[in-house]
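Topology and contacts: notes
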Amino acid sequence: MAPSKVLTGARVVLPTGIEDGGRLVVDGTRIADTAPAGAETIDVTGHWLVPGFVDLHNHGGGGASFAGSADDVLTAVHTHRRHGTTTLVASTVTDDMGVLTKQAGLLSELAEQGEIAGIHFEGPFISPCRKGAHSEALLRHPDPAEVRKLIEAARGQAKMVTLAAELPGGIDSVRLLAEHGVIAAIGHTDATYEQTVEAIDAGATVATHLFNAMPPVGHRAPGPITALLEDERVTVELINDGVHLHPAALQLAFHHAGASRVAFITDAMDAAGSADGRYLLGPLEVEVADGVARLVEGGSIAGSTLTLDRAFRRAVTVDRLPVQDVVAALSANPARLLGLDDRVGSLEPGKDADLVLLDEDFALKGVMRRGAWVVDPQLG
């Protein structure tokens with residue numbers, strides 16, 4: 001068990017507000033009220049302490065993919081942990097159903113071991129009109145029987161399925177997911193406003209990377225974006241890398257949905273935390289140049305190379321969002337969506353000691369997961 005620690009002097013972001021010169025006690029793997037005898041005291045004055053980040057939507061990193069071997073998955077997971085993501089849902093990409101069910105089995109084992117927080121199936125039940133970086137030849141309608149196959153292959157570890165609810169079987173599949181306690185996410189969709197409202201009423205609760213891979217807002221055809229933003233039951237994912245969204249679009253989402261309904265995600269692919277070059281996203285080849293990933297064929301944006309520490313820093317320093325709102329979008333909101341907010345997502349006694357240490361300029365200076373340092377504090 002990790003030794004007990006007392007972190008002192010930081011600006012601690014708590015659910016109740018920001019505590020200047022705060023004190024956080026870590027007893028073993030959990031946050032505690034009082035320090036046990038002999039606890040190590042670490043002065044982190046001049047820094048921020050925030051909860052570990054929770055990523056709902058992530059395809060890989062460190063040169064490795066969640067579509068690969070167990071070692072590949074762990075490489076990607078550990079890459080993102082070093083950037084502050086202490087809780088991560090592994091996302092698949094459209095592929096043959098046999099490939100996806102096999103991968104679900106591997107990922108479910110790693111979820112059972114506590115390495116990942118579950119599985120997100122992005123595709124194959126998406127619209128060919130809005131496929132983005134998914135292979136059109138492998139897309140299929142969201143037949144509830146096929147959706148059920150993926151859920152069963154995940155052995156209780158399926159957390160979310162992204163689908164285009166306007167396709168045949170879409171609404172019935174949303175209902176099936178809701179009945180099984182799996183998040184139904186609307187994305188890669190060509191749905192109308194009315195079809196999206198119907199999907200939300202059937203149980204959809206997440207917008208997969210809002211704005212991206214869906215029709216834009218029109219004054220006579222408001223489309224899915226309007227329906228997803230206006231409904232209090234929906235949490236909207238946003239990729240805040242400066243590439244996927246204009247800053248004004250991000251501000252629009254925050255203003256309209258409110259900070260409690262936004263979840264920052266990475267939608268990261270293999271190149272996150274790695275170098276430019278050629279990569280695979282599922283069966284498709286991707287070129288990463290200057291940190292931007294695009295399909296070699298067609299040029300569509302192919303996920304991101306984002307890490308959540310960069311999303312945090314950009315949100316505060318470029319977008320000028322309040323720190324507490326950013327913490328909610330990176331930690332509390334996704335933790336609540338996943339049903340993990342009794343253990344992660346905020347710095348409260350009894351919860352896992354998952355935290356990120358940032359300097360005054362919001363650069364990452366330390367990461368702790370379950371009481372053990374993943375990135376040792378850099379306090380010099």
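Residues numbered from 1 in each chain as written. Predicted model: local features only at pLDDT ≥ 70, side-chain atom pairs only at ≥ 80, totals over all residues. Heavy atoms only, no water.

So, on to the sheet that holds strand β14 (residues 235-239). The strand order across the open sheet formed by eight strands is β6-β9-β10-β11-β12-β13-β14-β15, and the pairing between neighbours is parallel. On the outer flanks of this sheet lie β6 (53-58) and β15 (262-265), each paired with one strand and no other. (Pairing = 2+ DSSP bridges. Helix = DSSP H or I, 4+ residues; strand = E, 2+ residues; numbered from the N terminus.)

Moving on, we come to the pairing of strand β11 (residues 158-163). Within a regular strand, the side chains alternate between the two sheet faces. β11 sits mainly inside the fold: five of its six residues count as buried. For strand β10 (residues 119-122) and β11, the ladder comprises four bridges, and the chain directions are parallel. Bridging from a neighbouring strand, His-120 pairs with Met-160 of β11. With four bridges joining them, β11 and strand β12 (residues 183-186) adopt parallel strand pairing. Bridge assignment links Met-160 to a residue of β12, and that residue is Ile-183. (Buried < 20%, exposed > 50% of the residue type's maximum accessible area, 1.4 Å probe, protein only.)

Right, let's talk about unusual backbone geometry for a bit. Negative phi is the rule for most residues except glycine; trans is the rule for most peptide bonds. A cis amide bond, omega 15°, links Gly-123 with the succeeding residue Pro-124. Relative to the elements of secondary structure, Pro-124 occurs in the loop between β10 and α3 (144-153).

What follows is about the pattern of salt bridges. Under the counting rule described, the total for this entry stands at 16 salt bridges. Between Arg-11 and Asp-20 there is a salt bridge, with its nearest N and O atoms 2.6 Å apart. The class of Arg-11 is partly exposed, set by a relative accessible area of 35%. Assessed through its relative accessible area of 53%, Asp-20 is described here as exposed. For Asp-352, the salt bridge goes to Arg-343, with nearest N and O atoms at 3.0 Å. Given the relative accessible area of 3%, Asp-352 is considered buried. (Salt bridge = Lys/Arg side-chain N within 4 Å of Asp/Glu carboxyl O.)

Glancing now at the nonpolar core. In this structure, Leu-210, Leu-238, Phe-254, Phe-264 and Phe-312 are the most contacted members of the largest nonpolar core, which totals 92 residues. Setting aside residues no more than four positions away along its own chain, Leu-210 makes contact with Ile-225, Leu-228, Leu-229, Val-236, Glu-237, Leu-238, Leu-245 and Ala-253. Counting 15 residues, the second largest nonpolar core, distinct from the first, contains Val-12, Leu-14, Leu-355 and Leu-357. (Core = buried A, V, L, I, M, F, W, Y, C linked by side-chain atoms within 4.5 Å. Contact = heavy atoms within 4.5 Å.)

The next point concerns the side chain of His-57. Tracing the chain through its elements places His-57 in strand β6. Residue His-57 is classed as buried on the basis of its relative accessible area of 0%. Ignoring any residue separated from it by four or fewer positions in sequence, one finds His-57 in contact with Val-89, Ser-91, His-120, Glu-122, Thr-208, His-209, Glu-237, Ile-265, Thr-266, Asp-267 and Ala-268.

On to the packing of aromatic side chains. Using the criterion set out here, one finds four aromatic pairs in the structure. Pairing Phe-254 with Phe-264 gives two aromatic rings, centres 5.8 Å apart and planes at 50°, and the pair type is tilted. Within this pair, whereas Phe-254 is found in helix α7 (residues 247-257), its partner Phe-264 is found in strand β15, the two being separated by ten residues in sequence. The buried category is assigned to Phe-254, whose relative accessible area is 8%. Note on Phe-264: relative accessible area 0%, which makes it buried. An aromatic cluster is present here, built from Trp-48, Phe-53, Phe-312 and Phe-362 joined pairwise through their rings. (Phe/Tyr/Trp six-rings, centres within 6.5 Å; stacked < 30°, edge-to-face > 60°.)

A few words now on the packing of helix α4 (residues 170-179) against helix α5 (residues 193-202). For the pair α4 and α5, interaxial distance at closest approach is 8 Å and the crossing angle is 25°. Considering their axes alone, α4 and α5 lie roughly parallel with respect to each other. In this structure, α4 crosses over α5, and the sense of that crossing is right-handed. Seen from α4, the contacting residues are Ile-171, Val-174, Arg-175 and Ala-178; seen from α5, they are Gln-195, Glu-198, Ala-199 and Ala-202. (Axes fitted to C-alpha atoms, helices over the stretch in contact; angles between N-to-C directions. Parallel < 35°, antiparallel > 145°, perpendicular 65-115°, else oblique. Left-handed = near helix turned anticlockwise from the far one by under 90°.)

A few words now on α4. Every buried residue of α4 is accounted for by Gly-170, Ile-171, Ser-173, Val-174, Leu-176 and Leu-177. The inward-facing, buried residues of α4 abut α3, β11, β12 and α5. The positive-phi residue at the C-terminal boundary of α4 is Gly-181, with phi of around 70°.

On to the packing of helix α1 (residues 70-81) against helix α2 (residues 97-112). Across the interface, α1 lies against α2 with an axial gap of 10 Å and an inter-helix angle of 55°. Accordingly, the angle class assigned to the pair α1 and α2 is oblique. Pair α1 / α2 crosses with right-handed handedness. On α2, the residues that touch Ala-70, Val-73 and Leu-74 of α1 are Gln-103, Leu-106, Leu-107 and Leu-110.

What follows covers the environment of Val-375. Within the fold, Val-375 resides in strand β21 (residues 372-375). A relative accessible area of 13% means that Val-375 is categorised as buried. Setting aside its immediate chain neighbours within four residues, Val-375 contacts Arg-82, Leu-364, Gly-366 and Val-367.

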